[in-house]
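Take a look at the letters that make up each chain.
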Amino acid sequence: MADSQDVWGIEIGQAGLKAVHLRYAEAADQVLAMAHEYIPHPKILSQPDAIPEELIPAAIATFLESHDLRGSQVAISLPGATSLARFINLPPVESNKVAQIVEYEAKQQIPFDLDDVIWTYQKISGSVDEDSGYMLNAEVGLFAMKRDQVYETLQPFLDADIEVDLVQIAPLALYNFVCYDQMGIRVEDEPDDVDEYTIVLDMGTDNTTLLITNGAKIWIRNVPLGGNHFTRALTKEMKLTFSKAEHLKCHATKSEDPRAVFQALRPVFNEYVSEIQRSIGYFSSVNRDAKIVRVLGCGNGFKLAGLQKFLQQSLQYDVERVESLQGVIGEKVLNSSEFQDNVLTFAVPMGLALQCLGVTRVHTTLLPSEIKTARLIRQKKPWAVIAASILLAGLAVDVFPRGCVDRSVRDVAVVAASKASDKAYSEITNTQGEYDTLAGEFDGEQLRREPN
């Protein structure tokens, strides 16, 4: 169950920074949208002359000028194109040995040394036989990203003194959003493993996240085509600069010759559909009972005129755009013109914030364990200082009056003071030992923790 904590979900994409501020409204038992922000970069980060190391901090600085994050939890996303997500069906295994099996699978599935990646896992489905203690029909999601890439994403936030509480790969944030907002699945629900599946297409600047789910199962693929590919087609076919081609793409229906524009875009349309059909074909070959019933489109790339109709005709499925939210309230945000204009691009930030509130099925994080450990120790240290100060103050109160008594009792005072000092030292040593234990627990956190 979620609490009343304020949370921010922040995604920094190729085109800009997107953020949403959510709060759990206990009285209404609903999630309330408090604020949002969309800050486009002056240049798309993947353009040759763009400098992400300057553009990203500038976007964060602009964001902080308008929003105070103190007292709020912060969740950020990692790009899906450079992350790894695998879903593994485990053989019947004792419940207390799932972590060992998953570590073995991680070594097989992750194409890097485990010391070079940050990885985690979660049980997606499965039940425990009460008599034998074995986990049956268990499916585990394994999620990973190279350590240096995680820190590369985190660094601009750390430099801006933003304390990040959750780090999630974008496809899982998208899944959390779709399940909670579009399918109505709540964290306490155990969704039925039905045969009807939904395809979700989140078209970004350079890539499209393709997600197929029925709420219970997840299948993810990165399609290496995005909005920029349509822009580049116009620069090539119509001999335009990138900026003019981008403007023409966004206003194709209002151009002098819309037919010529769509003719130039048609090869990319065909390639895009071909990639989706290839993905559907593979998914159907390994999930023979699955029945795809609809396609949901999100991401600002899905604003492209004609794309929705073309996909519907080519794929023979109902194609809908995520143009309204079903599970979040807050008219001030949801009805604002800026939010409405960019609602397609807020799916991932929404999913991040919803997970941070604790209302989603997937709850993993790739926040480095060393950051979590340092943060916990920092939070505990003030209490250690207070405890030590009280002990030392007590010692001073005990010893000082004894210095004023007759020499005949000084030996007794010295002995008492020595005992009090030893006791204080012992207390401080025990407190330090607790910190050391806390730090040690985090070293093996991901291997020992049994997913919920």
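First, a word on what this report is: a plain description of the structure on this page. (Residues numbered from 1 in each chain as written. Predicted model: local features only at pLDDT ≥ 70, side-chain atom pairs only at ≥ 80, totals over all residues. Heavy atoms only, no water.)

Regarding the environment of glutamine 109
By secondary structure assignment, the location of glutamine 109 is in helix 2 (residues 98-109). You can call glutamine 109 partly exposed: its relative accessible area is 29%. Taking the C-alpha atoms as reference points, glutamine 109 and leucine 142, 33 residues apart in sequence, are found 8.7 Å from one another. For glutamine 109, the residues in contact, after removing those within four places along its chain, are Leu84, Arg86, Ile88 and Leu142. (Helix = DSSP H or I, 4+ residues; strand = E, 2+ residues; numbered from the N terminus. Buried < 20%, exposed > 50% of the residue type's maximum accessible area, 1.4 Å probe, protein only. Contact = heavy atoms within 4.5 Å.)

Topic: the packing of helix 5 (residues 227-237) against helix 7 (residues 258-286)
Remark: helix 5 packs on helix 7, axes separated minimally by 9 Å, with the N-to-C direction vectors making an angle of 130°. The pairing of helix 5 with helix 7 is recorded here as oblique in orientation. In this structure, helix 5 meets helix 7 at a crossing whose hand is right-handed. In this structure, helix 5 contributes His229, Phe230, Ala233, Leu234 and Glu237 to the contact, and helix 7 contributes Val261, Ala264, Leu265, Val268 and Phe269. Residue classes in the contact of helix 5 with helix 7 are distributed as eight nonpolar, one polar and one charged. (Axes fitted to C-alpha atoms, helices over the stretch in contact; angles between N-to-C directions. Parallel < 35°, antiparallel > 145°, perpendicular 65-115°, else oblique. Left-handed = near helix turned anticlockwise from the far one by under 90°. Nonpolar A, V, L, I, M, F, W, Y, C, P; charged D, E, K, R; others polar.)

A short note on the packing of aromatic side chains
The tally for this structure, following the rule as stated, stands at nine aromatic pairs. Relative to phenylalanine 143, the ring of phenylalanine 87 lies with its centre 5.8 Å away and its plane at 70°, an arrangement referred to as edge-to-face. Of this pair, phenylalanine 87 sits in strand 5 (residues 84-89) while phenylalanine 143 sits in strand 8 (residues 134-146), placing them 56 residues apart in sequence. What makes phenylalanine 87 partly exposed here is its relative accessible area of 22%. Judged by relative accessible area, which is 0%, phenylalanine 143 ranks as buried. Relative to tyrosine 272, the ring of phenylalanine 230 has its centre 6.4 Å away and its plane inclined at 65°; by these criteria the two rings are edge-to-face. Of this pair, phenylalanine 230 sits in helix 5 while tyrosine 272 sits in helix 7, and the two are 42 residues apart along the sequence. In terms of burial, phenylalanine 230 and tyrosine 272 fall into one category: buried. Aromatic ring contacts, followed pair by pair, group Tyr197, Trp219, Tyr282 and Phe283 into a single cluster. Looking at arginine 186, its charged tip hangs above the ring of tyrosine 180, at a distance of 3.7 Å from the centre. (Phe/Tyr/Trp six-rings, centres within 6.5 Å; stacked < 30°, edge-to-face > 60°. Lys NZ or Arg CZ within 6 Å of the ring centre and 35° of its normal.)

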